[in-house]
Amino acid sequence: MDYRKLGKTNVSASLLGFGCMRFPTTKGGEINSAEAEKMLDLAYSKGINYFDTAYVYHSGKSEEFVGKVLSKYERSSYYIADKLPCWMINSLDDAQRIFNEQLQRLQTDYIDFYLLHSLGKQSWDKMVEICVPEFCENLKKQGKIKYLGFSFHDEYKVFEEILTSREWDFCQIQLNFMDIEHQAGMKGYELAERLGVPLVIMEPLKGGMLASLPEDITAELRKANPNASIASWGLRWIGSLPNVKVVLSGMSAMEQLEDNLSIYSDFKPLSDEEQQMIRRLSEALRSKMNNGCTGCKYCLPCPAGVNIPKNFSIWNEYGMYQNKRIAAWQWKNNIDDKRKAKNCVSCGQCEEVCPQNINIREDLSRLQKELDSVVESLKASSK
Ligand code: SF4
Ligand code: SF4
C-alpha cells in the first residue's frame, strides 16, 4: 500500500481510504454486515488505515457498524474520519450532542479526522455565526479530535473563502478527471497545495460514472492496457497528484475493493503519454454533451420554477456517459418534479440572456421526453 504524509500532521495515511457510505446492503436496505465486515477486515489486513464515515451515512448506521468492526483492532493502528452534519446544527448544544453520540456509536474516545460536513456558502456562514469552528478547536485541545477539516460542495470562490479563513489541518473535495472545473476543481487543488493543506478526495470516479464509460472510450482504454480496469484510469489519475493524500472509494463489493487494492498497493502514477491520452479522452467525452450549458445560472430564476441548468446537467451527463441506470436515478432523485423541464411555459426570457445561445425551450422539451423514456425503459426491463 502506498502511504502519504498529511501536511503538517504526523499521519501517514494509506493512499486508498475506505469510504463507508456504500457498504453492500440486504434486500431491505440494511448494511449486509457479514459481507461488509469481510471487506473492512480485508482492507485493514492489506494496509488501509483511513476509514471515512459520517453521521448520516447508511441512515445513521455506518458509524455504529464501523465502530463495531474496527474496535477489534488496536485503536492507534487506524484513523477514523467522521463528519459533523452542518445542516442539522443550529446551536452549540446540537453540535455537542451529535459529537457525543458519534463517539458512542464509534466506540472510541477520540476521532482522528473531524470534518464539517458538506460546506457551502450558507452552511459555512451559519457555522461561523454559531461559533462551530471554535467549538471544534476546543475539542482538539481536549484531544477529542486530532485534526480539523471540512468537506466541500460549492463554487470555487466559496472554497477560497473557507480555505483561507483559518488554518485547516486538511480538507476534502470532489475531484476527478472530468470535474477539473467543477466545484473546487483544479484551481482549488492548486490553492490547497500552495497553502500546504493536504487533500482527501471524494468521488474520484464521479459516483461510478468513470468506471463505466461509453464503448468508444472504453475501447481506447482497453487498447492502452487490456489488463487494466476502466476504473483504474480515474484512480491512477487522481493518485498522480502529489497533494492528494487519501483517495476515498465508497466500495460496495469485494471485487471493487480487490481491484482498488491492486491499483494502490503498487501505485504507478500516470506517465506523460497516459496523461495526454486521458486529456484527449476527457475532451472526447465532453464533446458528447447534448448542449453547451456551462451551468452559469444567468437564466435563473425562471418564472415557471424550472431549474434549467440542473435539467441540462443531468441530460448532458447522460449524453456523455450513456449510463441509463445513473441517469434514471438522477432524474428521479436529484431534481424535484416542480423544477423539471415539463413546467416550462415557453416565455422565452431565459434564451435572451443565455451566453451560450442555447435553444433552451427546444432542448428542455427534448430532454424531458428522453429522460422520461430512460426511466420507462429501465422499468420495463426490470419486470
Ligand atoms: S422559456 Fe421556459 S424555462 Fe425559459 S424562463 Fe420561460 S418558462 Fe422558464
Ligand atoms: S444561461 Fe445558458 S449556459 Fe447558463 S445555465 Fe442557463 S442554459 Fe446554461
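Residues numbered from 1 in each chain as written. Chains lettered and ligands numbered in written order. Predicted model: local features only at pLDDT ≥ 70, side-chain atom pairs only at ≥ 80, totals over all residues. Heavy atoms only, no water.

Novice: If you had to explain the overall build of the protein chain to someone new, which residues and values would you point to?
Specialist: The helix and strand tally for the protein chain stands at 15 helices and 10 strands. Computed over the C-alpha atoms, the radius of gyration of the protein chain is 22 Å, within 12% of the 21 Å expected from 2.2 N^0.38 for a compact globule of 383 residues. Principal-axis analysis of the C-alpha atoms gives the protein chain an extent of 60 × 50 × 45 Å. Buried residues in the protein chain amount to 53% of all 383 residues. Put simply, of all contacts in the protein chain between residues at least 6 apart along the chain, 75% involve residues at least 24 apart. Accessible surface computed for the protein chain: about 17900 Å², of which carbon and sulfur atoms make up 47%. (Helix = DSSP H or I, 4+ residues; strand = E, 2+ residues; numbered from the N terminus. Rg over C-alpha atoms; globule rule 2.2 N^0.38 Å. Buried < 20%, exposed > 50% of the residue type's maximum accessible area, 1.4 Å probe, protein only. Contact = heavy atoms within 4.5 Å. Areas by Shrake-Rupley, 256 points an atom, 1.4 Å probe, with all protein chains shown as cover.)

Novice: Tell me about the site of ligand 1, and please be specific about residues and values.
Specialist: For ligand 1, the set of nearby residues contains 13 residues, the closest of which are Cys302, Cys344, Cys347, Gly348 and Cys350. Those elements that provide at least two residues to the shell around ligand 1 are α14 (349-353) and α15 (360-382). Its residues placed into classes, the shell around ligand 1 shows 9 nonpolar, 3 polar and 1 charged. (Near = heavy atom within 4 Å. Nonpolar A, V, L, I, M, F, W, Y, C, P; charged D, E, K, R; others polar.)

Novice: Explain the packing of aromatic side chains residue by residue, including any values.
Specialist: In this structure the tally under the stated criterion is 18 aromatic pairs. Their ring planes at 85 degrees and their centres at 6.4 Å tell us that Phe51 and Tyr78 sit as a pair that is edge-to-face. On the criterion of sequence distance, the pair formed by Phe51 in strand β4 (residues 50-52) and Tyr78 in the loop between α2 (62-70) and β5 (79-85) is long-range, its members being 27 residues apart. Owing to a relative accessible area of 4%, Tyr78 belongs among the buried residues under this scheme. Taken together, a centroid distance of 5.1 Å and an interplanar angle of 90 degrees make the contact between Phe113 and Phe170 edge-to-face. Of this pair, Phe113 sits in strand β6 (residues 111-119) while Phe170 sits in the loop between α6 (156-163) and β8 (171-174), and the two are 57 residues apart along the sequence. Take Phe170: its relative accessible area is 0%, and that puts it in the buried class. Grouped by ring-pair contacts, the aromatic residues Phe18, Phe23, Phe51, Phe65 and Tyr78 constitute a single cluster. When the ring centre of Tyr110 is taken as origin, the NZ or CZ atom of Arg75, which lies over that ring, is 4.0 Å away. The positively charged end of Arg166 is found above the aromatic ring belonging to Trp168, 4.7 Å away from the centroid. (Phe/Tyr/Trp six-rings, centres within 6.5 Å; stacked < 30°, edge-to-face > 60°. Lys NZ or Arg CZ within 6 Å of the ring centre and 35° of its normal.)

Novice: For the pairing of β5, give the residues involved together with the corresponding values.
Specialist: Where burial is concerned, most of β5 is hidden: 7 out of the 7 residues are buried. Alternating residues of β5 divide into Tyr79, Ala81, Lys83 and Pro85 and Ile80, Asp82 and Leu84, and every residue in both groups is buried. With 3 bridges joining them, β4 and β5 adopt parallel strand pairing. Note that in β5 the partner of Phe51 across the bridge is Ile80. Both β5 and β6 contribute to a ladder of 5 bridges, which runs parallel. Note that in β6 the partner of Leu84 across the bridge is Leu116. Following the chain from β5 across helix α3 (residues 92-106) to the adjacent parallel β6, one finds a crossover that is right-handed. (Pairing = 2+ DSSP bridges. Right-handed = clockwise from strand over helix to strand, strands pointing away.)

Novice: Give a description of the side chain of Gln102 that names residues and reports values.
Specialist: By the secondary structure assignment, Gln102 is in helix α3. Overall, Gln102 belongs to the buried group, its relative accessible area being 0%. Within the local environment of Gln102, its side chain forms a polar contact with the backbone oxygen of Lys83, the two atoms lying 2.8 Å apart. (Polar contact = N/O pair within 3.5 Å; in protein donor to acceptor, adjacent residues only side chain to side chain.)

Novice: Tell me about the side chain of Thr53, residues and numbers included.
Specialist: Mapping Thr53 onto the fold places it in the loop between β4 and α2. The exposure class assigned to Thr53 is buried, which follows from its relative accessible area of 1%. Apart from the residues lying within four places of it in its own chain, the contact partners of Thr53 are Cys20, Ser62, Glu63, Val66, Ala81, Asp82, Lys83 and Leu106.

Novice: Tell me about the nonpolar core, and please be specific about residues and values.
Specialist: Core analysis: the biggest nonpolar cluster contains 93 residues, and Phe18, Leu116, Phe150 and Tyr264 have the highest contact counts within it. The dominant element in this core, judged by the number of residues it contributes, is helix α9 (residues 230-239), at 6 residues. When residues of this core are assigned to domains, at least three fall in each of domain 1 (3-279) and domain 2 (308-382). Setting aside chain neighbours within four positions, we find Tyr264 in contact with Met1, Asp2, Leu15, Leu16, Leu235, Ile238, Gly239 and Val247. Counting residues in hydrophobic clusters, the runner-up holds 23 residues, among them Cys293, Ile314, Leu371 and Val374. (Core = buried A, V, L, I, M, F, W, Y, C linked by side-chain atoms within 4.5 Å. Domains from an automatic or database assignment.)

Novice: Outline the site of ligand 2, listing residues and values.
Specialist: Cys293, Cys296, Lys297, Cys299 and Cys354 are the nearest of the 14 residues found near ligand 2. The pocket occupied by ligand 2, as judged from atoms lying within 2 Å of grid points, is the largest cavity. With 3 residues, helix α12 (residues 308-321) is the single largest residue contributor to the shell around ligand 2. A per-class count over the shell around ligand 2 returns 10 nonpolar, 3 polar and 1 charged. (1 Å grid on protein atoms, 1.4 Å probe; cavity = no way out; pocket = protein on both sides within 12 Å on 5 of 7 lines; lining within 4 Å. Sits in = over half its atoms within 2 Å of the grid points.)

Purely geometric stuff here, so don't read any function into it on its own.
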